[in-house]
Amino acid sequence: MKKGHTTHEMLLDEIRDLFNQKGTDLTLSTIAAELKVNRSMITNHFPKKRDLIYSLVSQYEEKLSILRANRSNPDDVSFQSQAGFYSEILDLGFSYRGVIAYVLVTPAGEKLLDGPFKKTYEQNIMRIRDRIHAMIELDLVKDGILNPVSFKVFEIQYMTLASTWFISDGMYYEEAAY
């Protein structure tokens, strides 16, 4: 691994932890001071804070993809299998909670989620739809959930439930800055 790549990954890990502890409302200068490095060390890898956020979300998405790829039996929709898989996803999400909360509250006009993140979101919705198809075949849920109106309601509720944890944790626990 090249030195620049190692520094890049080390910065991402340390900044991710900093965001989890102190929130994302930090300037690049503040981040550098907290990490006890020169600001130029950060801006060499992340010229703008947006680049840093983008890199952290990309890193999270990559790790999430690895989790999915390493899943032993993705077609198993049993409670035990789903619970174990979602536990791993929540653990990963917890380690990125600061940046996830930032993305969740970013106004749509900032378009942070355009491009690859929008595509990932759409792929996630398709995975959920596929899982529901498997559950319908096992008579675990009714097929009416897949009609467009019902599925849109389900999609919103699913995403809200999955994301509320990241935001509400910071609201209810004073020591959490995010």
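Structure shown above.
Because the structure is predicted, anything quoted here is derived from the model rather than measured.

What counts and how
- Residues numbered from 1 in each chain as written.
- Predicted model: local features only at pLDDT ≥ 70, side-chain atom pairs only at ≥ 80, totals over all residues.
- Heavy atoms only, no water.
- Core = buried A, V, L, I, M, F, W, Y, C linked by side-chain atoms within 4.5 Å.
- Buried < 20%, exposed > 50% of the residue type's maximum accessible area, 1.4 Å probe, protein only.
- Helix = DSSP H or I, 4+ residues; strand = E, 2+ residues; numbered from the N terminus.
- Contact = heavy atoms within 4.5 Å.
- Axes fitted to C-alpha atoms, helices over the stretch in contact; angles between N-to-C directions.
- Parallel < 35°, antiparallel > 145°, perpendicular 65-115°, else oblique.
- Left-handed = near helix turned anticlockwise from the far one by under 90°.
- Nonpolar A, V, L, I, M, F, W, Y, C, P; charged D, E, K, R; others polar.

Undergrad: What should I look at first to understand the nonpolar core in this one?
TA: Looking at soluble globular proteins, one finds that nonpolar side chains tend to be buried together. The biggest cluster of nonpolar side chains holds 26 residues, and the ones touching the most others in it are Ile15, Phe19, Ile31, Ile42, Leu52, Leu56 and Tyr96. Only helix H1 (3-22), helix H2 (28-35), helix H4 (49-69), helix H5 (79-95) and helix H6 (97-105) provide two or more residues apiece to this core. No other element matches H4, which puts seven residues into this core. Within the second largest apolar cluster, six residues are counted, among which are Ile125, Ile132, Leu146 and Phe151.

Undergrad: Whenever I open this one, the side chain of Ser55 confuses me. Can you help?
TA: Relative to the assigned elements, Ser55 resides in helix H4. Residue Ser55 is classed as buried on the basis of its relative accessible area, which comes to 18%. In contact with Ser55, not counting residues within four places along its chain, are His8, Leu12 and Phe46.

Undergrad: Quick question: what am I supposed to make of the packing of H4 against H5 here?
TA: When two helices pack together, their arrangement is given by the angle between their axes and by how far apart the axes lie. Here H4 crosses H5 at 165°, and the two axes come no closer than 11 Å. By the angle class used here, H4 and H5 are roughly antiparallel. Once H4 is placed against H5, the crossing between them reads as right-handed. Contacts from Tyr60, Lys63, Leu64, Leu67 and Arg68 in H4 reach Phe85, Glu88, Ile89, Leu92 and Gly93 in H5. Counted by class, the contact of H4 with H5 contains six nonpolar, one polar and three charged residues.

Undergrad: What should I look at first to understand the packing of H4 against H6 in this one?
TA: Put simply, H4 and H6 touch, their axes get as near as 10 Å, and they point 110° apart. Looking at the two axes, H4 sits roughly perpendicular to H6. Classified by chirality, the crossing of H6 by H4 is left-handed. For the pair H4 and H6, contact is made by Ile53, Leu56, Val57 and Tyr60 and by Val99, Ile100, Tyr102 and Val103, respectively.

Any functional reading would require information beyond the geometric quantities listed.
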